[in-house]
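Summary of structural features
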Amino acid sequence: MNVLERLDAAIPLSSEERMLVDSVKALAENVIGPNAARLDHAAEFPWDNLRGINELGLNAMFVPEAYGGAPVSYCAYLACVREISKACASTGITWSTTFHGMKPLIDFGTEPQKQRLLPRIATGGLGALAITEPTAGSDATGMRTRFFPDGDSIVVNGGKTFISNGDVADLYLLFGKWDGIDDPKKAISVLILEKGTPGLSVIRLEDKMGHRASSTATLAFDNCRVPRTNLLGAPGDGLSILFASLNKSRPSVAAHALGIARAAFEDAVAYINERRQSGRTIIEFQGIQFLLADLATELAQCEGWLWHVGRLVDAGETDFGIEASMLKMRASDVAMRIATEAVQLHGGYGYCKDYRVERLMRDAKITQIWEGTNQIHRQLIGRSFMRKA
Ligand SMILES: Cc1cc2nc3c(=O)[nH]c(=O)nc-3n(C[C@H](O)[C@H](O)[C@H](O)COP(=O)(O)OP(=O)(O)OC[C@H]3O[C@@H](n4cnc5c(N)ncnc54)[C@H](O)[C@@H]3O)c2cc1C
């Protein structure tokens with residue numbers, strides 16, 4: 001066993017969870033991975049992979065039993081995200097986005113909301129998390145989507161951009177501002193928008209550098225009438241729900257980034273053990289060993305932090321925002337660095353699409369941008385040490 005395999009063996013999972021992760025690994029190796037290059041090339045949504053995921057019933061792992069789920073630990077969920085993303089980052093983000101969008105419904109929804117909406121997700125429905133707008137990226141308080149209360153309904157007007165699963169989701173966790181509340185932070189509210197709501201339209205799909213098999217949509221809301229019973233919490237609760245939900249989704253996007261990092265690391269190691277120049281394998285050159293040592297150490301330390309944060313969540317901790325920021329920032333920087341070096345270690349072949357590292361490098365980049373750019377995470381982490389006046 002090498003050091004990374006020893007780390008995997010120490011992930012805090014029950015024997016049932018380990019079997020579940022093994023079945024996800026088998027699906028990733030036999031179905032998801034083999035489809036990945038074709039889907040990336042065609043920029044085709046990974047329906048076949050999702051079918052495999054739903055045959056295993058994987059959405060059930062994050063839905064409570066009362067609503068048709070079969071929950072496992074957060075560490076087990078993270079391990080599954082990492083395995084799927086290692087095989088195909090597009091499929092990984094498509095699947096985990098459902099968790100990111102629906103976790104706030106699970107944590108903050110009322111009993112009737114959960115009874116009515118969650119069985120759709122447990123049986124394989126897709127979720128989306130809709131925050132970003134053209135004028136509101138890093139600063140979500142700049143959002144302009146408006147929620148107008150009207151009797152038993154809320155009328156939604158506005159639009160969102162860059163929404164993963166935006167054209168295919170069954171349920172959207174949608175943030176907007178409550179009409180009549182002037183303070184831009186206190187106005188932010190959140191509701192569940194259901195597929196097929198009149199006035200909801202997809203006006204654009206992005207043509208992206210990486211994650212080409214995932215869908216990223218611009219949405220418009222034109223007098224969308226949503227039942228008032230779909231509001232999560234009270235008007236103005238949106239920002240606190242947003243922060244609480246980002247704490248759970250950031251470790252998940254970190255697990256996704258670490259799937260890309262692990263794939264790139266393993267491909268690089270395999271290649272430099274085979275490829276020979278000047279009468280030796282590439283790994284025999286000391287300069288290459290030094291580089292590999294740095295990459296392996298960064299990866300191992302970051303994976304260790306992933307399971308640390310996973311354990312905090314499983315222990316019921318709620319104050320782990322800075323730990324989650326550190327994890328998201330470091331995991332995505334490690335993914336970008338290892339994927340870039342993996343291309344370098346493949347020489348000219350790494351620049352060509354016959355080798356997976358070419359895709360991994362393109363897929364890694366966005367992990368430094370979404371779920372709070374790494375500049376924003378550096379600010380959050382640094383600011384947490386500022387003395388309070
Ligand atoms: C493929 C893809 C999928 C996505 N999926 C989703 C999704 O499912 N749901 C969703 O809501 N959003 C999604 N996003 C949006 C994503 O979260 C935003 O792109 C991201 O938050 C950055 O916002 P922005 O693009 O508007 O950049 P901006 O906020 O305009 O930032 C531009 C640059 O300025 C820097 N910057 C901004 N403010 C500061 C500051 N205060 N200090 C220092 N630097 C700063 C940023 O770090 C960045 O480098 C997705 C985006 C992409 C590309």
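Here the structure is a predicted model, which is why all the values come from computation and not from measurement.

Cut-offs applied
- Residues numbered from 1 in each chain as written.
- Predicted model: local features only at pLDDT ≥ 70, side-chain atom pairs only at ≥ 80, totals over all residues.
- Heavy atoms only, no water.
- Near = heavy atom within 4 Å.
- Polar contact = N/O pair within 3.5 Å; in protein donor to acceptor, adjacent residues only side chain to side chain.
- Areas by Shrake-Rupley, 256 points an atom, 1.4 Å probe, with all protein chains shown as cover.
- Salt bridge = Lys/Arg side-chain N within 4 Å of Asp/Glu carboxyl O.
- Helix = DSSP H or I, 4+ residues; strand = E, 2+ residues; numbered from the N terminus.
- Phe/Tyr/Trp six-rings, centres within 6.5 Å; stacked < 30°, edge-to-face > 60°.
- Buried < 20%, exposed > 50% of the residue type's maximum accessible area, 1.4 Å probe, protein only.
- Disulfide = S-S within 2.5 Å.
- Core = buried A, V, L, I, M, F, W, Y, C linked by side-chain atoms within 4.5 Å.
- Contact = heavy atoms within 4.5 Å.

Thoughts on the site of the ligand
Neighbouring the ligand are 18 residues, the closest being Thr132, Ser138, Phe162, Thr373 and Gln379. In the model, a nitrogen atom of the ligand is placed 2.7 Å from a nitrogen or oxygen of the Thr132 side chain. Measuring from an oxygen atom of the ligand, one finds a side-chain N or O atom of Gln375 at 2.9 Å. Isolated, the ligand exposes 970 Å² of accessible area, and the fraction of that covered by the protein chains is 65%.

Examining the pattern of salt bridges
Applying the stated criterion across every chain, the model contains 27 salt bridges. Between Glu266 and Lys86 there is a salt bridge; the shortest N-O distance is 3.0 Å. Note that Glu266 is positioned in helix H7 (residues 238–274) and Lys86 in helix H4 (residues 74–87), a separation of 180 residues in sequence. Two residues, Arg116 and Glu194, come together in a salt bridge whose shortest N-O distance is 3.2 Å. Of the two residues, Arg116 is situated in helix H6 (residues 111–122) and Glu194 in strand E5 (residues 188–194); the sequence distance between them amounts to 78 residues.

Some thoughts on the packing of aromatic side chains
Enumeration over the complete set of coordinates arrives at 10 aromatic pairs. Where Phe62 meets Tyr77, the ring centres are 6.0 Å apart and the plane angle is 85°; that geometry is what we call edge-to-face. Taken together, the residues span a long stretch of sequence, with Phe62 in the loop between helix H3 (47–55) and H4 and Tyr77 in helix H4 at a distance of 15 residues. In this structure, Phe62 and Tyr77 share a single accessibility class: buried. With centroids separated by 5.6 Å and ring planes inclined at 45°, the aromatic side chains of Tyr77 and Trp95 adopt a geometry described as tilted.

A few points about the state of the cysteines
Counted under the stated rule, the structure contains zero disulfides. Cys75 supplies the cysteine sulfur nearest to Cys80, a cysteine that is in no disulfide, at a spacing of 11 Å.

Examining the nonpolar core
Ranked by size, the top nonpolar core spans 98 residues in total, and within it Tyr77, Trp95 and Phe175 carry the most contacts. A total of 16 residues in this core trace back to one element, the largest contributor, which is H7. Dropping the residues within four chain positions of it, Trp95 is found in contact with Ile53, Leu58, Asn59, Met61, Phe62, Tyr77, Cys80, Val81 and Ile84. Among the nonpolar cores identified, the runner-up in size contains 19 residues, and Val156, Tyr172, Leu174 and Leu231 belong to it.

Section: the environment of Ala342
By the element assignment, Ala342 lies in helix H9 (residues 321–345). Taking the C-alpha atoms as reference, Ala342 lies 29 Å from Pro12; in sequence the two are 330 residues apart.

Considering unusual backbone geometry
In this structure, Asn165 is a non-glycine residue whose phi angle is positive, near 65°. Tracing the chain through its elements places Asn165 in the loop between strand E3 (153–164) and strand E4 (171–178). Classification of Asn165 by relative accessible area gives buried; the value is 1%. Positive phi outside glycine occurs at Asn223, with the angle close to 55°. Here Asn223 lies in strand E7 (residues 216–227).

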